[in-house]
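If you want the building blocks of each chain, they are given just below.
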Amino acid sequence: MLTQRDGRALLFTGGMNDGAADALEAALRKAPQATAVVLNSEGGWLREGALVADVIRRHRLRTYVERTCASACTIAFLAGEDRAAAPSARIGFHRPRAVGAEHDQTP
């Protein structure tokens, strides 16, 4: 879910699921003065995280984590022109896993 914060930042909450990058593009059209995305996501699809990262890179947005950014969210976070996190923020990385794969398998 994307909501406008103060006119300069968009709040991205929820999963990096199908349509997240398109939703970010649509939110940016409604808030062309936005310069940052505040991320709060447990992750989602690797492909969608990469697409969100492309949008962030293309618009040269800053990224900020207030609470949690894990899994595919970290790809979006790292795409930020400038990156920051709150002192209590949690940023989590792990290796990707194919749908239906065992935990110890890589795609």
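Reference entry: report on the structure contained in this document.

What counts and how
Residues numbered from 1 in each chain as written. Predicted model: local features only at pLDDT ≥ 70, side-chain atom pairs only at ≥ 80, totals over all residues. Heavy atoms only, no water. Salt bridge = Lys/Arg side-chain N within 4 Å of Asp/Glu carboxyl O. Helix = DSSP H or I, 4+ residues; strand = E, 2+ residues; numbered from the N terminus. Core = buried A, V, L, I, M, F, W, Y, C linked by side-chain atoms within 4.5 Å. Buried < 20%, exposed > 50% of the residue type's maximum accessible area, 1.4 Å probe, protein only. Contact = heavy atoms within 4.5 Å. Disulfide = S-S within 2.5 Å. Polar contact = N/O pair within 3.5 Å; in protein donor to acceptor, adjacent residues only side chain to side chain.

**Description of the pattern of salt bridges**
Link 1 in the chain: A full pass over the atoms with the stated rule returns 5 salt bridges.
Link 2 in the chain: Here Glu 48 and Arg 47 are joined by a salt bridge, their closest N and O atoms 3.4 Å apart.
Link 3 in the chain: Between Arg 57 and Asp 54 there is a salt bridge; the shortest N-O distance is 3.0 Å. Here Asp 54 and Arg 57 lie together in helix H2 (residues 46–58), a separation of 3 residues that amounts to about one turn.
Link 4 in the chain: Because the salt bridges share partners, they merge into one network encompassing Asp 18, Arg 47 and Glu 48.

**What to know about the nonpolar core**
Link 1 in the chain: Counting 26 residues, the largest nonpolar core has Leu 10, Met 16, Leu 24, Leu 28, Leu 39, Val 52 and Ile 56 as the members making the most contacts within it.
Link 2 in the chain: If you list the elements that add at least two residues to this core, you get strand E2 (9–13), helix H1 (20–30), strand E3 (36–41), H2, strand E4 (62–70) and helix H3 (72–78).
Link 3 in the chain: The biggest single contributor to this core is H1, with 5 residues.
Link 4 in the chain: Sequence-distant contacts of Leu 28, that is, excluding residues within four places in its chain, are made with Leu 10, Ala 34, Val 55, His 59 and Leu 61.

**Section: the environment of Asp 22**
Link 1 in the chain: Position of Asp 22 relative to the elements: it lies in helix H1.
Link 2 in the chain: Taking the relative accessible area as the measure of exposure, Asp 22 reaches 59% and is therefore exposed.
Link 3 in the chain: In this structure, the C-alpha to C-alpha distance between Asp 22 and Val 52, residues 30 residues apart in sequence, is 8.2 Å.

**Regarding the state of the cysteines**
Link 1 in the chain: For the coordinates displayed, the defined rule picks out 1 disulfide.
Link 2 in the chain: What pairs with Cys 69 in a disulfide is Cys 73, and their sulfur atoms sit 2.2 Å apart. Taking the sign of the S-S torsion, about -110° here, the bridge from Cys 69 to Cys 73 comes out left-handed.
Link 3 in the chain: A residue is classified by how much of its surface remains accessible, and Cys 69, at 0% relative accessible area, is buried.

**As for the side chain of Thr 63**
Link 1 in the chain: With respect to the helices and strands, the residue Thr 63 is situated in strand E4.
Link 2 in the chain: The class for Thr 63 is buried, based on a relative accessible area of 2%.
Link 3 in the chain: Of the polar contacts made by the side chain of Thr 63, one reaches the backbone oxygen of Phe 77; its length is 2.7 Å.
Link 4 in the chain: When neighbours within four sequence positions are excluded, Thr 63 is seen to be in contact with Val 37, Leu 39, Ile 56, Ala 76, Phe 77, Gly 80, Asp 82, Arg 83 and Ala 84.

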